[in-house]
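Structural overview for review
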Amino acid sequence: MDVLAAVVKEQGAFVIENVELNGPRPDEVLVKIVGAGMCHTDLVVVNQNVPLPLPMILGHEGSGIVEEVGKDVDTVRPGDHVVLSFAYCGRCDNCLAGKPGYCRNWLAYNFSRARPDGSFVHHQGGEPIGGSFFCQSSFAGHAIAHKSNVVKIPADLPLEIMGPLGCGIQTGVGAVLNRLKPSPGDSFAVFGVGAVGLSALMAAKVAGCAPIIAIDIHDSRLEIAKAVGATNTINGTEGNVVDRIHEISATGVDFAVETAGRQQVIQNMIDSLEPDGSCVLLGLPPSGSVVTLDHSSLTNGRTIMSTIEGNADPQTFVPYLVSLYQQGQLPIDKIMKVYDFRDINKAAHDSESGATIKPILRM
């Protein structure tokens, strides 16, 4: 079928064009995309900080309605409302152990520009073009997804804004609840309150953390952080961040998350931890980036961790996120702005400038 898609043909720009989309194989699902979140991971590919070959169709926070399923798919059926997440093989040791984010074939399913077997889903003028991004490429009117990354959600939810539950929000919430696992009363800080950072902050509130400290250089984002659960905010351009955190939590914080991927921010986060405190790195700097740390800051039991997709299994974690949203504990609509699909370049610009926290593309 012919579909309208945002094609990245050269660094820094999307072009809206018609492309040809193959039908679903036995383990695949055809989804009519209703909305798609724009994630930092999309932008680092557009800007070639992660230099995947072009042309390429991106988008990996899709939400939509199932139109067709392959014969081996029994979890969804036509008409179901779904969120699209990351894909995984379901056969390797990590998948079988309930850790699909660490699938041995993760790159082949999510970053190879094609199906895991090397065949292309998208063509233009008879020539294959890169797609299958996270087994979806949801910056398009329709997407072919894998059975592993299609998650059914209730039909009464606002479908167009649900896509980020499959990646950015899942990553932030999962980093706190699945990786750090704080207890009520533990202190928490988040360095950088974009979509992932604010999701982590909301999770810290769900966990009962106190205080919850948000650090950013944009006052507008810090105001939103207050609205979704921060007890204290710090503008990183005003004074010594570490000293200011210790003014709030005298001995430092028990847990922290960073989303900037910058050396000084990472060092500040580590220096802000309690002895035996733990933190998670979520920032995505350009490929090949190196971080040098003060070794003395790591000699008192502090732990640095990372995570892929918040250590989540989307088949169980996305429904959990939906339940939090329905209970009012995950007010994701406060961090979103909806754009028409044809305004995708403006959405990307607003995301990079900090004007919009989480752009949503309405198809």
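The sections below set out a description of the structure shown in this document. (Residues numbered from 1 in each chain as written. Predicted model: local features only at pLDDT ≥ 70, side-chain atom pairs only at ≥ 80, totals over all residues. Heavy atoms only, no water.)

**With respect to the pattern of salt bridges**
We count it as follows: Any Lys or Arg side-chain nitrogen located within 4 Å of an Asp or Glu carboxyl oxygen qualifies as a salt bridge. In this text, helices come from DSSP runs of H or I with a minimum length of four residues, and strands from runs of E with a minimum of two, each type numbered from the N-terminal end. For every residue, the accessible area (1.4 Å probe, protein chains only) is compared with the maximum for its type, and the residue is labelled buried under 20%, exposed over 50%, or partly exposed between those bounds.
Applying the stated rule across the entire model yields ten salt bridges. The partner of Asp 80 in a salt bridge is Lys 152, and the shortest N-O contact between them spans 3.7 Å. In this pair, Asp 80 sits in the loop between strand E5 (62–69) and strand E6 (81–84) while Lys 152 sits in strand E10 (residues 150–152), placing the two residues 72 residues apart along the sequence. With relative accessibility at 47%, the residue Lys 152 sits in the partly exposed group. Arg 104 is paired through a salt bridge with Asp 93; the nearest N and O atoms lie 2.9 Å apart. Separated by eleven residues along the polypeptide, Arg 104 in the loop between helix H2 (93–96) and helix H3 (106–110) and Asp 93 in helix H2 bring together distant segments of the chain. Classification of Arg 104 as exposed rests on a relative accessible area of 57%. Judged by relative accessible area, which is 45%, Asp 93 ranks as partly exposed.

**A look at the pairing of strand E3 (residues 28–37)**
To keep things clear, this is the line we draw: By definition, two strands form a pair when at least two bridges between them are found by DSSP.
When you tally the buried positions in E3, you get eight out of ten residues, the bulk of the element. Pairing of E3 with strand E9 (residues 142–146), which is carried by five bridges, proceeds in the antiparallel orientation. When the sheet's bridge partners are listed, Val 31 is paired in E9 with Ala 143. Taken together, the seven bridges between E3 and E5 define a ladder with antiparallel strand orientation. Residue Leu 30 lies in a different strand from E5, and its bridge partner there is Glu 68. Note that E3 and strand E18 (residues 358–362) share three bridges and pair antiparallel.

**Topic: the pairing of E9**
E9 sits mainly inside the fold: five of its five residues count as buried. A two-sided burial pattern is seen for E9, the buried positions comprising His 142, Ile 144 and His 146 on one face and Ala 143 and Ala 145 on the other.

**Points about the sheet that holds strand E15 (residues 273–281)**
Basically, it comes down to this: Whenever a helix is involved, its axis is fitted only over the stretch in contact; in every case the axis is a line through C-alpha atoms, and angles between N-to-C directions fall within 0 to 180 degrees.
Sheet architecture is open: six strands sit in the order E13-E12-E11-E14-E15-E16, paired in parallel fashion. Each edge of the open sheet is held by one strand with a lone partner, namely strand E13 (232–235) and strand E16 (303–306). Looking at each pair of strands side by side, their axes are set apart by 20° on average, direction ignored. Both strand E12 (residues 212–216) and E13 contribute to a ladder of four bridges, which runs parallel.

**Observations regarding helix H4 (residues 168–180)**
Operational definition: Given the number of residues in a helix, its expected span is that number minus one, multiplied by 1.5 Å. To get the bend at any residue, fit one axis to the seven residues that end at it and another to the seven that begin at it, then take the angle between the two axes.
With 13 residues, H4 should reach 18 Å at 1.5 Å per residue; the first-to-last C-alpha distance of 17 Å fits that figure. Of all bends in H4, the biggest is about 40°, found at Gly 174. Burial within H4 is extensive, with eleven of its 13 residues counted as buried. For H4, the set of buried residues is Gly 168, Ile 169, Gln 170, Thr 171, Gly 172, Val 173, Gly 174, Ala 175, Val 176, Leu 177 and Leu 180. Backbone geometry just downstream of H4 places Lys 181 in the positive-phi region, at approximately 55°.

**Considerations on the sheet that holds strand E2 (residues 13–21)**
The condition that has to hold: Every residue pair with non-hydrogen atoms within 4.5 Å of one another is taken to be in contact.
A sheet is described by the order of its strands in space; here five strands give the open sequence E4-E1-E2-E7-E8, paired in antiparallel fashion. Of all strands in the sheet, those bounded by a partner on one side alone are strand E4 (56–57) and strand E8 (127–129). As defined by bridge partners, strand E7 (residues 122–124) adjoins E8 across three bridges and the pair is classed as antiparallel. Within the sheet, the bridge partner assigned to His 122 lies in E8 and is Ile 129. Along the sheet, helix H10 (residues 344–353) makes contact with strand E1 (2–10) and E2, crossing E2 at roughly 135°.

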